[in-house]
Amino acid sequence: MTKTIKQISLFSENKPGRLAKIADVLGKEKINIRAFTIAESGDFGIVRLVVDHPEQAHDVLKKEGFTVSETDVIGVEINDEPGSMKDVAELFAEGSINIDYAYAFIGRNQKAVLIARVSDLESALDFLKSKGVSLLEINDLL
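How each quantity is defined
- Residues numbered from 1 in each chain as written.
- Predicted model: local features only at pLDDT ≥ 70, side-chain atom pairs only at ≥ 80, totals over all residues.
- Heavy atoms only, no water.
- Salt bridge = Lys/Arg side-chain N within 4 Å of Asp/Glu carboxyl O.
- Helix = DSSP H or I, 4+ residues; strand = E, 2+ residues; numbered from the N terminus.
- Contact = heavy atoms within 4.5 Å.
- Phe/Tyr/Trp six-rings, centres within 6.5 Å; stacked < 30°, edge-to-face > 60°.
- Lys NZ or Arg CZ within 6 Å of the ring centre and 35° of its normal.

Brief notes about the pattern of salt bridges
Taken as a whole and judged by the stated rule, the model has eight salt bridges. Among the ionic pairs, Asp140 bridges to Lys3, the shortest N-O distance being 3.9 Å. Highlighted residues: Asp140 in the segment after strand 7 (135-136) and Lys3 in the segment before strand 1 (5-13), separated in sequence by 137 residues. Between Lys28 and Asp24 there is a salt bridge, with the nearest N and O atoms lying 3.2 Å from each other. Within this pair, Lys28 and its partner Asp24 are both found in helix 1 (residues 18-28), separated by four residues, close to a single helical turn. The network of salt bridges with shared partners includes Lys86, Asp87 and Glu90.

Section: the environment of Glu77
Among the secondary structure elements, Glu77 is positioned in strand 4 (residues 67-79). Expressed as a C-alpha distance, the spacing of Glu77 and Phe66, which sit 11 residues apart in the sequence, is 31 Å. The residues touching Glu77, leaving out its near neighbours within four places in the chain, are Lys111, Ala112, Ser134 and Leu136.

Looking at the packing of aromatic side chains
This structure, assessed with the given rule, holds one aromatic pair. An angle of 5° between the planes, with centres 5.0 Å apart, marks the rings of Phe11 and Phe44 as stacked. Linking Phe11 in strand 1 with Phe44 in strand 3 (residues 44-51), this pair joins segments that are 33 residues apart in sequence. Lying over the aromatic face of Tyr101, Arg48 brings its terminal NZ or CZ to 3.6 Å of the ring centre.

Below, the structure is given as structure tokens:
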């Protein structure tokens, strides 16, 4: 499998200080957070992170007692201008690619980056590659 990004997911209590603890653990290990999102579900939440050293992040967070997992996600570079998200969303629809969840940020060279977890990763990668979509790896985000 090529052109994917390892995402770290943590199951965490929804209370003040949890994000600070996660950031502290990673910071002490010199692991840089490139993007993150938090989804809450009552007393607990899922923190999803894209970091520069995902395997190391997984290990240190687990050692600190967090419930943590790694997931392969797709990183798509798009223009940072009105209508670009529509164009990408239409491509996903054309390829029958179901997005389980997604988040975005501004990356290098003022390009937007869409991080997406999809239901069929291999098919999505093949389709997007065939359409000339700029797929990213973690090194593209550093």
